[in-house]
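Here is how the chains run, residue by residue.
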Amino acid sequence: MSTLHVIDHPMIQHKLTIMRSKETGSKDFRQLLNEISLLMGYEITRDLPLRDVEIETPMGHMVAHKVAGRKLAIVPILRAGLGMVDGLLTLVPVAKVGHIGLYRNEETHKPVVYYCKLPLDIQERLVIITDPMLATGGSSCDAIQMLKERGCSNIRLMCLVSAPEGIAKVQKEHPDVDIYTAAVDEYLNEDAYIVPGLGDAGDRIFGTK
Ligand code: PRP
Ligand code: URA
């Protein structure tokens, strides 16, 4: 069974509360999502292995540590996952970025694929999928499956707000994929939106309806 990591740091909870408010506009919403993604990035990269390096400081010789060449790829699920990319890139500027385009059919709530462009060596990388909303879990499960079909075996899922239904689906279908989320909300409504949630993440990021 994969591990569910709920990142409930006070600063993340504070920023998420502002994002949830319907009074918060796109500019602030984007900015806060960016900040939270950077903060969550600390937790998602916490167990990256280090290697020893010998360096000279102005005061002398020392054996210090650097991340041990674990190559990272960030893969946002379009559109809303894009809002989490810059925060992670601030933390790991050398990460490569792939894109998976999925939208939910409004009636069936099932995801439809419309785009996929990934780094050539994606199977060698630790892949962080980003999507602020884990609702039914259909989009995340399909994105994980697409990555596995391309040889990826080291995948993490980074969300902002998750529903119990989506968490259960990912854990059942992909027990090897850890989920990182800032909140676990109550339930999905009849339109498969997360309640209380924050509404439509893509629309709030990009100012569409
Ligand atoms: C939203 C969200 C997730 C998906 C979650 O995307 O960003 O990708 O729904 O729902 P699920 O867990 O039930 O699959 P949407 O389809 O609205 O597309 P958008 O990001 O382009 O607005
Ligand atoms: N997609 C969103 O953007 N919000 C939800 O609550 C569910 C799916």
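Conventions adopted
- Residues numbered from 1 in each chain as written.
- Chains lettered and ligands numbered in written order.
- Predicted model: local features only at pLDDT ≥ 70, side-chain atom pairs only at ≥ 80, totals over all residues.
- Heavy atoms only, no water.
- Core = buried A, V, L, I, M, F, W, Y, C linked by side-chain atoms within 4.5 Å.
- Buried < 20%, exposed > 50% of the residue type's maximum accessible area, 1.4 Å probe, protein only.
- Helix = DSSP H or I, 4+ residues; strand = E, 2+ residues; numbered from the N terminus.
- Contact = heavy atoms within 4.5 Å.
- Near = heavy atom within 4 Å.
- Polar contact = N/O pair within 3.5 Å; in protein donor to acceptor, adjacent residues only side chain to side chain.
- Areas by Shrake-Rupley, 256 points an atom, 1.4 Å probe, with all protein chains shown as cover.
- Nonpolar A, V, L, I, M, F, W, Y, C, P; charged D, E, K, R; others polar.
- Pairing = 2+ DSSP bridges.

A.B. asks: Just to check I follow, could you spell out the nonpolar core for this structure?
C.D. replies: Leu16, Met40, Leu160 and Leu198 are the most contacted members of the largest nonpolar core, which totals 35 residues. Within the residue set of this core, elements represented by two or more residues are α1 (10–20), α2 (26–44), β4 (72–78), α3 (85–91), β8 (126–130) and α6 (201–206). A per-element tally of this core places α2 first, with six residues. Among all residues touching Leu160, those that are not within four sequence positions of it are Leu16, Met19, Leu33, Ile36, Met84, Asp131, Pro132, Thr181, Ala182, Ala183 and Leu198.

A.B. asks: Sorry, what's going on with the site of ligand 2 here?
C.D. replies: Taken together, Arg104, Met133, Ala135, Ala192, Tyr193, Ile194, Gly199, Asp200 and Ala201 make up the full set of residues near ligand 2. For ligand 2, a nitrogen atom lies 2.8 Å from a polar atom in the backbone of Gly199. Interatomic distance of 2.8 Å between a backbone N/O atom of Ala201 and an oxygen atom of ligand 2. Compared with its free state, where it exposes 240 Å², ligand 2 has 89% of that area covered by protein. Across the shell around ligand 2, the residue classes break down as six nonpolar, one polar and two charged.

A.B. asks: Please explain the pairing of β8 as it appears in this structure.
C.D. replies: Counting buried residues in β8 gives five out of five residues, a clear majority hidden from the surface. Here β8 shows no split at all, with Leu126, Ile128 and Thr130 on one side and Val127 and Ile129 on the other all buried. Across five bridges, the pairing between β4 and β8 is parallel. Residue pairing in the sheet places Pro76 in a bridge with Thr130 of β8.

All quantities given are derived from atomic positions and should not be read as evidence of function.
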